[in-house]
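What the coordinates show
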Amino acid sequence: MAKKLMKGSEAIGEAAVQAGCRLFFGYPITPQNEIPEYMSLRLPQVGGCFVQAESEVAASNMLYGAAGTGERVMTSSSSPGISLMSEAASYLAGAELPVVIVNIVRAGPGLGGILPSQGDYFQATRGMGHGDFRLLVLAPWSVQEAADLVQDAFDLADFYRNPVMVLGDGLIGQMMEPVEFSSDRQPIKELQPKTWAATGCPGDRPTNIINSLFLDPEELERHNWKLKAKYDAMTRDEIRSASYAADDDYDVLIVAYGTVARVCSTAIDELRERGVRVAMVRPITLFPYPYQAIRDAALRASSVLVVELSTGQMIEDVRLALEGARPIHFHSRVGGMLVTPDEVIEKVECILAGGAAEVSHG
Amino acid sequence: MSATVGNVKFKPGDYKSTLNPVWCPGCGDFGVLNALYRAMSQLEIEPWNTVILSGIGCSSRLPGYVNTYGFNGVHGRALTLATGVKVARPELTVIAVGGDGDGLAIGGNHLIHTARRNLDVTYILMDNEIYGLTKGQVAPTTPTGDKTKSTFWGNPEPAVDPCELAISTGATWVGRGFSGDVKLTTQLIADAISHNGFSFLNVMSPCVTWRGDDQFKALKEILAYVPEDHDRSDRREAMKYTREKGVLTTGVLYEVKGPSFNDRLEEMKQQAMAGRSEPTTREILATFFPKF
């Protein structure tokens, strides 16, 4: 299929449709309204349905119901709305239902602002709701990657019977870039028939109750370990990261994800032109986190710089990866302010000149 | 299920699951469950084409006791789950069940909007005027002044009439039943399931544990049946049987015909599918910039 200039939100919606998503439940919140709006236009054209719910609580529970029928289903929201969906996320994980949730993160806490942020990293990677569970979290850095990851997200959700989150921000949603959809895309996982789903068919199949309630503690403990085994399998098989300018030697390694990594790549290009040896490793899966790839890459550098749009969330995973093996520096903007390439350049130069204080290991 | 499709007749007992109800002896919900078995048998409903969904509460255990597909979902969200299932699989019979706390307090907003959409599902609300599972706290249907475990000095709040709420927010079939009258409740459930659109059945279902034997007796004394000449298509007439004093009218209070949410979605789908398979750039841009 030919490349097409698409807005991020539109590409996310179209990717979902092409991945077989036929049902979408949403509630308006800036800056992600273009996704539900696109779905309201697009889904009926392919025989699907769009429902604007009465709240994010309602939307996410409609998603829960629809996922129970075995259909490919999705919702999208932005930070405050995602908090309201955390209820259903926990139940979906407990009941082992596949859904795709897109979070176009805005700055918080509270109502915060509507501009880009990475302040929901903890919420996304530490389970999103109550109880002992994880989402599989994918973080795109371009519109094309957003489209690809949304399609992969449906396969991963079905394979693991677990909610998958695509974590972006307003930049991903609003940016226009060329996108290409493969006309013969194959699922990335070997998928089994959904024998647990309420499909409404007669036959020998036993009836099924979709449920997250286990009052017998021994049974619930078994269920918890069963879920843990899935998270372990994700950690074994699904970790993704990309490196940038890492073929050549480097002194400073930048760790950044999503659109921030995109900004850092511009800074790296400029620094490399000036002869400054700098590279980047970019986590694509935030859970499972690429600890080993980051450690391996960091050991080739003399110091590490974490750049993110929060006061310091992903940096905790970088610390876990390095276990003190290299000094870690930090640069961030928050509140909807963006990191610029010039800021990154300045920071890297400052580190190399010995003028930047490393982040204390608390 | 060993039965084959086509010429099957199901006895009420065929709908029983292998789980035994854990409700207290004498709970009104037994009557509702039995009425549901009978109504399903009367309508020859195929268990494999049926989904029963609930939230949390004593009565929300009901899906486990019926041999259909089932959901034991999130507190207050039975109707949102039902929306998801019915939009995904319009061909299934979808029944949501729950109690007054689940459906009118934490889930009240969803009742309003599911009724407004006229989603083609049946909602059976088992009303015991109390929170039973959490052991006796005040509910939205608890009469003013009643002492409960969370209203030591008496309930300071007026109660909601679930049928009034359902009629006023757009339900197209509204009935009131009593779990002590299984014959009546069976007929009401069968009528409700047969209705195209949102059917709301409030069944008075006494809680012997937290409301005592008096609730059952008090209800029996004030129960009446809607007059035969009642014009159930007249909203104002129907409203006469809500917020009643000293009497509680059972039967079908309100029924109007019209397209359900599913009918409207299907029509929209047909229109959209008859057109192009992909939107034009102009159409897409128009969704972002309405004045484009």
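Residues numbered from 1 in each chain as written. Chains lettered and ligands numbered in written order. Predicted model: local features only at pLDDT ≥ 70, side-chain atom pairs only at ≥ 80, totals over all residues. Heavy atoms only, no water.

Helix and strand content of chain B: 10 helices and 8 strands. A globule of 292 residues ought to have a C-alpha radius of gyration of about 19 Å, and chain B, at 20 Å, matches this closely. Reported as C-alpha extents along the three principal axes, the dimensions of chain B are approximately 65 × 50 × 40 Å. Counting every position in chain B, which comprises 292 residues, the buried fraction comes to 55%. (Helix = DSSP H or I, 4+ residues; strand = E, 2+ residues; numbered from the N terminus. Rg over C-alpha atoms; globule rule 2.2 N^0.38 Å. Buried < 20%, exposed > 50% of the residue type's maximum accessible area, 1.4 Å probe, protein only.)

Let's shift gears to the interface of chain A and chain B. Across the boundary between the two partners, chain A contributes 49 residues, which contact 44 residues of chain B. Buried area between chain A and chain B, both sides added, is near 4,000 Å², and the carbon and sulfur share of it is 63%. At the surface where chain A touches chain B, the tally comes to 3 salt bridges. With its nearest N and O atoms 3.5 Å apart, the salt bridge here joins A:E71 to B:R89. Inspection of the chain A/chain B interface yields 9 residue pairs in polar contact (both at pLDDT 80 or more). Among the elements that make up the side of chain A that touches chain B, the one with the highest residue count is helix α3 (residues 56–67) of chain A (7 residues). (Contact = heavy atoms within 4.5 Å. Buried area = accessible area lost by both parts, 1.4 Å probe. Salt bridge = Lys/Arg side-chain N within 4 Å of Asp/Glu carboxyl O. Polar contact = N/O pair within 3.5 Å; in protein donor to acceptor, adjacent residues only side chain to side chain.)

Before going further, it helps to examine the sheet that holds strand β6 (residues 136–138) of chain A. Residue and element names in this part refer to chain A. With respect to topology, 7 strands assemble into an open sheet ordered β3-β2-β4-β5-β7-β6-β13, the strand pairing being mixed. The two strands at the open ends of the sheet, each matched to only one other strand, are β3 (49–52) and β13 (285–287). Geometrically, the sheet is characterised by an average inter-axis angle of 20° between neighbouring strands, direction not taken into account. Of the strand pairs in this sheet, strand β5 (residues 100–105) and strand β7 (residues 164–169) are connected by 6 bridges, and their pairing is parallel. Residue pairing for β7: I101 is matched across the bridge by M165. (Pairing = 2+ DSSP bridges. Axes fitted to C-alpha atoms, helices over the stretch in contact; angles between N-to-C directions.)

What follows concerns the nonpolar core. Core analysis: the largest hydrophobic core is formed by 138 residues, its most contacted members being A:M39, A:Y64, A:M74, A:L253, A:V255, A:V318 and B:F200. Per-element accounting of this core gives the leading share, 10 residues, to helix α6 (residues 143–160) of chain A. No fewer than three residues from each of domain 1 (4–185 + 225–237) and domain 2 (242–352) of chain A sit in this core. Residues in contact with A:L253, not counting those within four places in the same chain, are A:A279, A:M280, A:V281, A:I294, A:A297, A:A298, A:A301, A:S303, A:V304 and A:L305. Formed by 32 residues, the second largest nonpolar core is a distinct cluster that contains B:A35, B:L36, B:I189 and B:I193. (Core = buried A, V, L, I, M, F, W, Y, C linked by side-chain atoms within 4.5 Å. Domains from an automatic or database assignment.)

Now for the domain arrangement of chain A. Accessible area lost upon the coming together of the parts is a frequently used measure of interface size. Residue and element names in this part refer to chain A. Once the domains are mapped, chain A shows domain 1 (4–185 + 225–237) and domain 2 (242–352). On a C-alpha basis, the centres of domain 1 and domain 2 stand 26 Å from each other. Across the boundary between the two partners, domain 1 contributes 31 residues, which contact 28 residues of domain 2. For the pair domain 1 and domain 2, the two sides together bury roughly 2,500 Å², of which 59% comes from carbon and sulfur. If you sort the residues of domain 1 by the area they bury against domain 2, Q118, Y121 and W141 come out on top, with a joint share of 36%. As a salt-bridge pair, R262 and E177 come within 2.3 Å of each other at their nearest N and O atoms. Taken together, the connections running from domain 1 to domain 2 amount to 14 residue pairs in polar contact (both at pLDDT 80 or more). Going through the elements one at a time, α5 (121–125), β6, α6, β7, α7 (170–174) and α8 (217–237) are the ones with two or more residues in the side of domain 1 that touches domain 2. Taken together, the residues of the side of domain 1 that touches domain 2 sort by class into 19 nonpolar, 6 polar and 6 charged. (Nonpolar A, V, L, I, M, F, W, Y, C, P; charged D, E, K, R; others polar.)

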